[in-house]
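# Structural overview for review
Listed below, chain by chain, are the residues.
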Amino acid sequence: MTNEDYDKQSAREIIEGFENRPEMLVQILHAFLDRFGWISDEAIRQLASELNLSRADVHGVVSYYHDFRTSPPGKHVVKICEAEACQSMGSRELSEHAQESLGLGMHESNDDVTLEPVYCLGNCACSPAIMVDGKTFGRVNADRFDEIVATMNEAR
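Residues numbered from 1 in each chain as written. Predicted model: local features only at pLDDT ≥ 70, side-chain atom pairs only at ≥ 80, totals over all residues. Heavy atoms only, no water.

A separate point is the sheet that holds strand 3 (residues 113-118). Within a sheet, neighbouring strands are paired by backbone hydrogen bonds and run either parallel or antiparallel to one another. One open sheet holds the 5 strands; their spatial order is 2-3-1-4-5, and the pairing between them is mixed. At either margin of the open sheet sits one strand with a lone partner, and together these are strand 2 (108-109) and strand 5 (135-137). Two elements, strand 1 (residues 76-81) and strand 3, share 6 bridges in a ladder whose sense is parallel. Within strand 3, the position partnered with H76 by the bridge is V113. This element, helix 6 (residues 91-102), spans strand 1, strand 3 and strand 4 (130-132) of the sheet and lies at about 155° to strand 1. (Pairing = 2+ DSSP bridges. Helix = DSSP H or I, 4+ residues; strand = E, 2+ residues; numbered from the N terminus. Contact = heavy atoms within 4.5 Å. Axes fitted to C-alpha atoms, helices over the stretch in contact; angles between N-to-C directions.)

A few words on the pairing of strand 3. Where burial is concerned, most of strand 3 is hidden: 6 out of the 6 residues are buried. Burial along strand 3 is two-sided: V113, L115 and P117 facing one way and T114, E116 and V118 facing the other are all buried. Looking at chain direction, strand 2 and strand 3 are connected through 2 bridges and run antiparallel. Looking at strand 3, one finds that S109 is bridged to T114. The turn joining strand 2 and strand 3, which pair antiparallel and follow one another in sequence, is formed by 3 residues. (Buried < 20%, exposed > 50% of the residue type's maximum accessible area, 1.4 Å probe, protein only.)

This part takes up the nonpolar core. Within the largest apolar cluster, 20 residues are counted, with the highest numbers of intra-cluster contacts made by I28, L29, F32, I39, L47, V58 and V62. Mapped onto this core, the elements with two or more residues apiece are helix 1 (8-17), helix 2 (25-36), helix 3 (41-51) and helix 4 (55-64). Here the element with the most residues in this core is helix 2; it accounts for 7 residues. Excluding its chain neighbours within four sequence positions, the residues that come into contact with V62 are L29, I39, I44, F68 and T70. Among the nonpolar cores identified, the runner-up in size contains 17 residues, and L104, M106, I148 and V149 belong to it. (Core = buried A, V, L, I, M, F, W, Y, C linked by side-chain atoms within 4.5 Å.)

In this section: the packing of aromatic side chains. Under the counting rule described, the total for this entry stands at 5 aromatic pairs. Here the aromatic rings of F32 and F36 are separated by 5.6 Å at their centres, their planes lie at 80°, and the arrangement is edge-to-face. You can see F32 and its partner F36 sitting in helix 2, 4 residues apart, about one turn around the helix. Just as F32 is buried, F36 falls in that class too. The interplanar angle of 80° and the centroid separation of 6.0 Å between the aromatic rings of Y65 and F68 together place this pair among those described as edge-to-face. On the basis of relative accessible area, Y65 is assigned to the partly exposed category, the value being 38%. Each member of the aromatic cluster is reached from another via a ring pair, and the members are Y6, F32 and F36. (Phe/Tyr/Trp six-rings, centres within 6.5 Å; stacked < 30°, edge-to-face > 60°.)

The next point concerns the packing of helix 3 against helix 4. In the contact formed by helix 3 and helix 4, the axes pass within 8 Å of each other and the chain directions differ by 125°. Put simply, helix 3 runs oblique to helix 4. Classified by chirality, the crossing of helix 4 by helix 3 is right-handed. Every residue of helix 4 that contacts helix 3 at I44, R45, L47 and A48 is listed here: R55, V58, H59 and V62. Each residue belonging to the contact of helix 3 with helix 4 can be placed in one class, and the counts come to 5 nonpolar, 1 polar and 2 charged. (Parallel < 35°, antiparallel > 145°, perpendicular 65-115°, else oblique. Left-handed = near helix turned anticlockwise from the far one by under 90°. Nonpolar A, V, L, I, M, F, W, Y, C, P; charged D, E, K, R; others polar.)

Let us look at helix 7 (residues 142-154). Along its 13 residues, helix 7 runs 18 Å from first to last C-alpha, staying within 8% of the 18 Å computed at 1.5 Å per residue. Burial in helix 7 covers these residues: F145, I148, V149 and M152. Along the axis of helix 7, the buried positions cluster into a sector of 100°, meaning they face one direction only. More than 90 degrees from the buried face of helix 7, the exposed residues found are D143, E147 and E154. On its buried face, helix 7 is in contact with strand 1, helix 6, strand 3, strand 4 and strand 5. If you check the start of helix 7, you find a side-chain oxygen 3.2 Å away from the backbone N of D143, and it comes from N141. (Expected span 1.5 Å × (residues − 1). Arc of directions from axis to C-beta. Polar contact = N/O pair within 3.5 Å; in protein donor to acceptor, adjacent residues only side chain to side chain.)

Rendered as structure tokens:
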């Protein structure tokens, strides 16, 4: 994720790369997320206009899928799996610890970090699992979470 400032021409090039096909909206939104880091109101307006959709149609897709954030993320994105396998191994307690440790609620951000719930990272055998900046970690307890976050902070 690059988290660039929104640029209408870059956005247009992404949309044209998908041949302005409205049925490719989810894929286009993923490309926007990769380029800009989040889906702004300006992006929603442009997508609706160029794909001949209503803004409500685009907003509905953006708000339905948890991967599409509508505010800028922090420098690091921490995702905690809250699916059943991870819940059975303590992800709820881990989520509570993460929120307290980071001083954020789920779906909240500051300049440094964004904390998000996810509903499967595909690492069920090693639950509970988290993902930090696209890298998955398994068997994460509170102590291991703190170590991972400390390493994340050192990497800046």
